Amino acid sequence: GEDVEQSLFLSVREGDSSVINCTYTDSSSTYLYWYKQEPGAGLQLLTYIFSNMDMKQDQRLTVLLNKKDKHLSLRIADTQTGDSAIYFCAESPNSWGKLQFGAGTQVVVTP
Amino acid sequence: NAGVTQTPKFQVLKTGQSMTLQCAQDMNHEYMSWYRQDPGMGLRLIHYSVGAGITDQGEVPNGYNVSRSTTEDFPLRLLSAAPSQTSVYFCASSNTLAGGTDTQYFGPGTRLTVL
C-alpha cells in the first residue's frame, strides 16, 4: 500500500482557508515536501519542512508537522481560484534520495 | 533557461512497439530522474541518474531502459510497449539527490497511451 497517504479531494470557497492533510510512515525522513501540480503541467515545489521543525510559514502557506503522529498538513490562507490544483505530499525516506509521493489531493476552489 | 523539456507531449503506441521519451535540461544539473504518474497512485520513480554515465533503478524499472551519455539528456526507452505502461511520464532534474533542500525541477510531462 501507499507509504504516504492523503485524502483525494477537497472543495473550498474562495477566501476561506484550505487544509490538506498527509500521513507518512518513515520516521527517518529528513525532509517533507509539498508539491503543486496545475492542470497539464509538471510538479512544482511549494515548500518543505525539516523534520526537527514543528511549523514553517511562507506567506499564505503554513506547514505543520507532528512527528509523533507522522502527520503533515498544509494550510493555504485566503484561498484563491489560482490555488486550484493537485497537491502532493512527499517524504525522503532513505539516504539515496528517493522521494515517496502520496496520491495527491485535488483542491477545487469555488467562487 | 528552458528548464526541463520533454518530447513528445502526447504519444499513442500499439502493444509491442518501442519508443524513446526525450528529456533535456539546461541547468547543468547532475541528478535526473524519470517518474510515472498514474491516477490515485502519486508519482513512482522509474530510473534515476547521478551524473553522466551513471544510472540506477527506481521503484518500477521493468520494461524501461535509460542511458546518460551527457549531463543534459536523459532519454527513457520503452522496449516493447504494454497497456500497463499507459501513464503520464515526468522527467525531473536537481542539483543534488532528491531528499535535500534543492528543488527538483519537473518537465511538463509526456502522456502515453498504449493500445
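Further up the page is the structure itself.
These lines cover the structure that appears in this document, whether it is placed above or below. (Residues numbered from 1 in each chain as written. Chains lettered and ligands numbered in written order. Predicted model: local features only at pLDDT ≥ 70, side-chain atom pairs only at ≥ 80, totals over all residues. Heavy atoms only, no water.)

1. Observations concerning the overall build of chain B
Okay, so step 1: Each helix and strand counted, chain B has zero helices and 11 strands in total.
Okay, so step 2: Reading the secondary structure of chain B in the N-to-C direction produces β-β-β-β-β-β-β-β-β-β-β.
Okay, so step 3: In terms of C-alpha radius of gyration, chain B reaches 13 Å, essentially the compact-globule figure of 13 Å for 115 residues.
Okay, so step 4: In chain B, buried positions account for 49% of the 115 residues.
Okay, so step 5: A separation of at least 24 residues holds for 54% of the contacts in chain B among residues at least 6 apart in sequence.
Okay, so step 6: Of the roughly 5,100 Å² that chain B leaves accessible, carbon and sulfur atoms contribute 50%. (Helix = DSSP H or I, 4+ residues; strand = E, 2+ residues; numbered from the N terminus. Rg over C-alpha atoms; globule rule 2.2 N^0.38 Å. Buried < 20%, exposed > 50% of the residue type's maximum accessible area, 1.4 Å probe, protein only. Contact = heavy atoms within 4.5 Å. Areas by Shrake-Rupley, 256 points an atom, 1.4 Å probe, with all protein chains shown as cover.)

2. Some points on the pattern of salt bridges
Okay, so step 1: Counted by the stated rule, this structure contains five salt bridges over all chains.
Okay, so step 2: In this structure, Glu38(A) and Lys36(A) form a salt bridge, with 3.2 Å as the shortest nitrogen-oxygen distance.
Okay, so step 3: Connected through salt bridges with shared partners, the residues Arg36(B), Asp38(B) and Arg44(B) form a single ionic network. (Salt bridge = Lys/Arg side-chain N within 4 Å of Asp/Glu carboxyl O.)

3. Examining the side chain of Thr110(B)
Okay, so step 1: Along the chain, Thr110(B) falls in strand E11 (residues 110-114).
Okay, so step 2: What Thr110(B) contacts, discounting residues up to four positions off in sequence, is Gln6(B), Thr7(B), Pro8(B), Lys9(B), Leu21(B), Ser87(B), Val88(B) and Tyr89(B).

4. Looking at the sheet that holds strand E7 (residues 64-66) of chain B
Residues and elements named next belong to chain B.
Okay, so step 1: The four strands are arranged E1-E3-E8-E7 in an open sheet whose pairing can be described as antiparallel. A single partner strand is all that each edge strand has here, and the edge strands are strand E1 (4-7) and E7. Direction aside, the axes of adjacent strands within the sheet are offset by 20 degrees on average.
Okay, so step 2: Where E1 and strand E3 (residues 19-25) come together, four bridges link them in antiparallel fashion. Of the residues in E3, the one forming a bridge with Thr7 is Gln22. (Pairing = 2+ DSSP bridges. Axes fitted to C-alpha atoms, helices over the stretch in contact; angles between N-to-C directions.)

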